[in-house]
Amino acid sequence: NAGVTQTPKFRVLKTGQSMTLLCAQDMNHEYMYWYRQDPGMGLRLIHYSVGEGTTAKGEVPDGYNVSRLKKQNFLLGLESAAPSQTSVYFCASTHGYEQYFGPGTRLTVT
Amino acid sequence: TQLLEQSPQFLSIQEGENLTVYCNSSSVFSSLQWYRQEPGEGPVLLVTVVTGGEVKKLKRLTFQFGDARKDSSLHITAAQPGDAGLYLCAGARGLVYAGGTSYGKLTFGQGTILTVHP
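Because the structure is a prediction, the values reported are computed rather than measured.

Secondary structure assignment for chain B yields zero helices and eleven strands. Along chain B, helices and strands appear, N-terminal first, in the series β-β-β-β-β-β-β-β-β-β-β. In chain B, buried positions account for 46% of the 118 residues. Approximately 5600 Å² of chain B is accessible, and the part contributed by carbon and sulfur atoms is 52%.

In structure tokens, the structure reads:
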């Protein structure tokens, strides 16, 4: 039981490049979330999903897209990376009260 | 707009001292959670408080939910170096999922970085 896993762990992009972050959970959770964490800002919700095939915008969705084609996977895409998207990205899934977080992806956009 | 204000942002204390972290909002939350995060890892849930006025204890940690469910506090007694990390409060306002298996979105505070000197 791996819980929530994220790939890659680190990534450096140039402005304008695209990439996809992958989140996978093996706990059969319905809800999944993508957050970004910046110093002094806590965790801010980017997008979330309440089930396979569904997605919804969170607090800071601009510049990101998501897909939930399979219940266990939640993908976060950056179509044209910008320096303002330099951050640590966390995926989470929920069961009851607790959100389970992945280890994070540190993304740097130069 | 930050709906949850957490204070202080930084806390540096000596081993054995007590400390309190506060989490305040003008909004009512259906539940309030506290997470702890260590460098290079994701947050891990410490506790969830649901009822106004509720107090929960986890060894040397005491969590309280305000009567009006707008604020919460985390008190650590006799802090140890192993308590160091980033502490995050998070409020839930979303509806319980129809299937009863999950909760709504969370709003996080800015976090408190705790350093405990031996």
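Our next topic: the interface of chain B and chain A. Listed by partner, the interface residues are 24 residues for chain B and 23 residues for chain A. Carbon and sulfur atoms make up 55% of the surface buried where chain B meets chain A, a total of about 1900 Å² over both sides. Inspection of the chain B/chain A interface yields zero salt bridges. Our count for the chain B to chain A interface comes out at three residue pairs in polar contact (both at pLDDT 80 or more). Elements that contribute at least two residues to the side of chain B that touches chain A include exactly strand E4 (31-37), strand E5 (44-49), strand E9 (85-92) and strand E10 (106-108) of chain B. Sorting elements by how many residues they give to the side of chain B that touches chain A places E4(B) first, with three residues. Here the side of chain B that touches chain A is built from residues that sort into ten nonpolar, twelve polar and two charged.

Right, let's get into the environment of A:Cys23. Residue and element names in this part refer to chain A. Tracing the backbone shows Cys23 in strand E3 (residues 19-25). The spatial distance from the C-alpha of Cys23 to the C-alpha of Gln72 is 8.2 Å, given a sequence separation of 49 residues. Residues contacting Cys23, with those up to four places away along its chain left out, are Val4, Thr5, Met32, Trp34, Gln72, Asn73, Phe74 and Cys91.

What follows is about the state of the cysteines. Residue and element names in this part refer to chain B. Scanning all chains against the criterion turns up two disulfides over all chains. The disulfide that involves Cys23 links it to Cys89, with 2.0 Å between the sulfurs. Where Cys23 bonds to Cys89 through sulfur, the torsion about that S-S bond is close to 75°, and the disulfide is right-handed. Residue Cys23 is found in strand E3 (residues 19-24), and its partner Cys89 is found in strand E9; the two are separated by 66 residues along the sequence. Across this residue pair, the class does not change: Cys23 and Cys89 are buried.

Turning next to the side chain of A:Gln37. Mapped onto the elements, A:Gln37 comes out in strand E4 (residues 31-38). The exposure class of A:Gln37 is buried, given its relative accessible area of 14%. In terms of polar contacts, A:Gln37 uses its side chain to reach the side chain of B:Gln37, at 2.8 Å. When sequence neighbours within four positions are dropped, the list of residues in contact with A:Gln37 reads A:Gly42, A:Leu43, A:Ser87, A:Val88, A:Phe90, B:Gln37, B:Leu86 and B:Leu88.

With that settled, consider the nonpolar core. Residues and elements named next belong to chain B. Counting 21 residues, the largest nonpolar core has Ile13, Leu19, Leu32, Trp34, Leu74, Ile76 and Leu114 as its most contacted members. Among the secondary structure elements, those contributing two or more residues to this core are strand E2 (10-14), E3, E4, E5, strand E7 (61-65), strand E8 (71-76), E9 and strand E11 (112-117). Those residues in contact with Leu19 that lie beyond four places of it in its chain are Leu11, Ile13, Leu74, His75, Ile76, Ala79 and Leu114.

Rules behind the numbers
- Residues numbered from 1 in each chain as written.
- Chains lettered and ligands numbered in written order.
- Predicted model: local features only at pLDDT ≥ 70, side-chain atom pairs only at ≥ 80, totals over all residues.
- Heavy atoms only, no water.
- Helix = DSSP H or I, 4+ residues; strand = E, 2+ residues; numbered from the N terminus.
- Buried < 20%, exposed > 50% of the residue type's maximum accessible area, 1.4 Å probe, protein only.
- Areas by Shrake-Rupley, 256 points an atom, 1.4 Å probe, with all protein chains shown as cover.
- Contact = heavy atoms within 4.5 Å.
- Buried area = accessible area lost by both parts, 1.4 Å probe.
- Salt bridge = Lys/Arg side-chain N within 4 Å of Asp/Glu carboxyl O.
- Polar contact = N/O pair within 3.5 Å; in protein donor to acceptor, adjacent residues only side chain to side chain.
- Nonpolar A, V, L, I, M, F, W, Y, C, P; charged D, E, K, R; others polar.
- Disulfide = S-S within 2.5 Å.
- Core = buried A, V, L, I, M, F, W, Y, C linked by side-chain atoms within 4.5 Å.

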